[in-house]
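Residue strings, one per chain:
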Amino acid sequence: MDIKIRQVMPEDLDAVARVEAVCFPEAEAAARASFEQRIRTFPESFFVAEKDGEIIGFINGCGTDAQTICDEMFDDVSYHKPDGAYQSIFGLDVAPKWQHKGIAGQLMNYLIEDARKKGRRGLILTCKERLIGFYERFGYENRGVSKSVHGGAVWYDMILEFGNPSK
């Protein structure tokens, strides 16, 4: 799939919020205000996928020294540490009509490579059980059920560590 991946811009806010709203249940979806803060605070780790000028997906998260994501990180940008050891992933969204076309994988690979270039030790995320296998294909390790109760769902902590010889 021929898409363009680029850093988010402030004018992408509405499109990003629309994609999020169709990808997650209301209880789990980030609010427009959260995206506004993320775009302002860590645009260097917020990337969008475009097809013919339309934003069809995105990936974002803050820098951190933590090896797991806590729920407070989703809405409190003060957790962002620009030179953090790990790149967190708060969301990997692809609009439904563009899913299952490799776009999520392209976004993930892009952020992994970006984290390597920035000298991070790895990446962290939480996901639902049905997505564990997807993330394991990129080298993530399942660390078990997360302490996160975001949106009332059961989440799993995943970590990808660079330089781990088993990966």
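In this report, we go over the structure that sits alongside the text. (Residues numbered from 1 in each chain as written. Predicted model: local features only at pLDDT ≥ 70, side-chain atom pairs only at ≥ 80, totals over all residues. Heavy atoms only, no water.)

### A look at the pattern of salt bridges
Once the charged atoms of two side chains with opposite charge are near each other, the side chains can pair.
Right, on to step 1. Per the counting criterion, the structure on display carries eight salt bridges.
Right, on to step 2. Linking E28 and K128 is a salt bridge whose minimum nitrogen-to-oxygen distance equals 2.8 Å. On the criterion of sequence distance, the pair formed by E28 in the loop between α1 (13-23) and α2 (32-41) and K128 in the loop between β7 (122-127) and α4 (132-136) is long-range, its members being 100 residues apart.
Right, on to step 3. For K118, the salt bridge is made with D114, and the minimal N-O distance between the two is 2.7 Å.
Right, on to step 4. What makes D114 buried here is its relative accessible area of 14%.
Right, on to step 5. Ionic contacts of the salt-bridge type, sharing partners, join the residues R6, D12 and E50 into one network. (Salt bridge = Lys/Arg side-chain N within 4 Å of Asp/Glu carboxyl O. Helix = DSSP H or I, 4+ residues; strand = E, 2+ residues; numbered from the N terminus. Buried < 20%, exposed > 50% of the residue type's maximum accessible area, 1.4 Å probe, protein only.)

### Details of the packing of aromatic side chains
Where two aromatic rings form a pair, the distance of their centres and the angle of their planes describe that pair.
Right, on to step 1. The final tally for this structure, using the stated rule, is nine aromatic pairs.
Right, on to step 2. For the pair F134 and Y135, a centre-to-centre distance of 5.0 Å together with 80° between the ring planes defines the contact as edge-to-face. With respect to class, F134 is no different from Y135; both count as buried.
Right, on to step 3. The structure contains a cluster of three or more aromatic residues connected by ring pairs, namely F134, Y135, F138 and Y140.
Right, on to step 4. Over the ring of F35 we find R38; its NZ or CZ atom is 5.1 Å from the centre of that ring. (Phe/Tyr/Trp six-rings, centres within 6.5 Å; stacked < 30°, edge-to-face > 60°. Lys NZ or Arg CZ within 6 Å of the ring centre and 35° of its normal.)

### Focus on the sheet that holds strand β3 (residues 54-60)
Hydrogen bonds along the backbone pair up the strands of a sheet, which may run parallel or antiparallel.
Right, on to step 1. Strands sit in the order β1-β2-β3-β6 across an open sheet of four strands; the sheet is antiparallel. The sheet is open, and its two edges are formed by β1 (4-7) and β6 (91-94), each paired on a single side. Along the sheet, successive strands turn relative to each other by an average axial angle of 25°, direction set aside.
Right, on to step 2. As judged from the six bridges shared by strand β2 (residues 46-51) and β3, these two strands associate in the antiparallel manner. What sits directly across from E50, in β3, is I55. (Pairing = 2+ DSSP bridges. Axes fitted to C-alpha atoms, helices over the stretch in contact; angles between N-to-C directions.)

### Some remarks on the nonpolar core
Right, on to step 1. Ranked by size, the top nonpolar core spans 29 residues in total, and within it M108, L123, Y135 and Y140 carry the most contacts.
Right, on to step 2. Mapped onto this core, the elements with two or more residues apiece are β2, β3, β6, α3 (103-117), β7, α4 and β9 (156-161).
Right, on to step 3. Residue contributions to this core peak at six residues, all from α3.
Right, on to step 4. Filtering out sequence-adjacent residues up to four positions away, Y140 remains in contact with I89, M108, I112, L123, L125, Y135, M158, I159 and L160.
Right, on to step 5. Listed in part, the 12 residues of the second largest apolar core include V19, F35, F46 and I55. (Core = buried A, V, L, I, M, F, W, Y, C linked by side-chain atoms within 4.5 Å. Contact = heavy atoms within 4.5 Å.)

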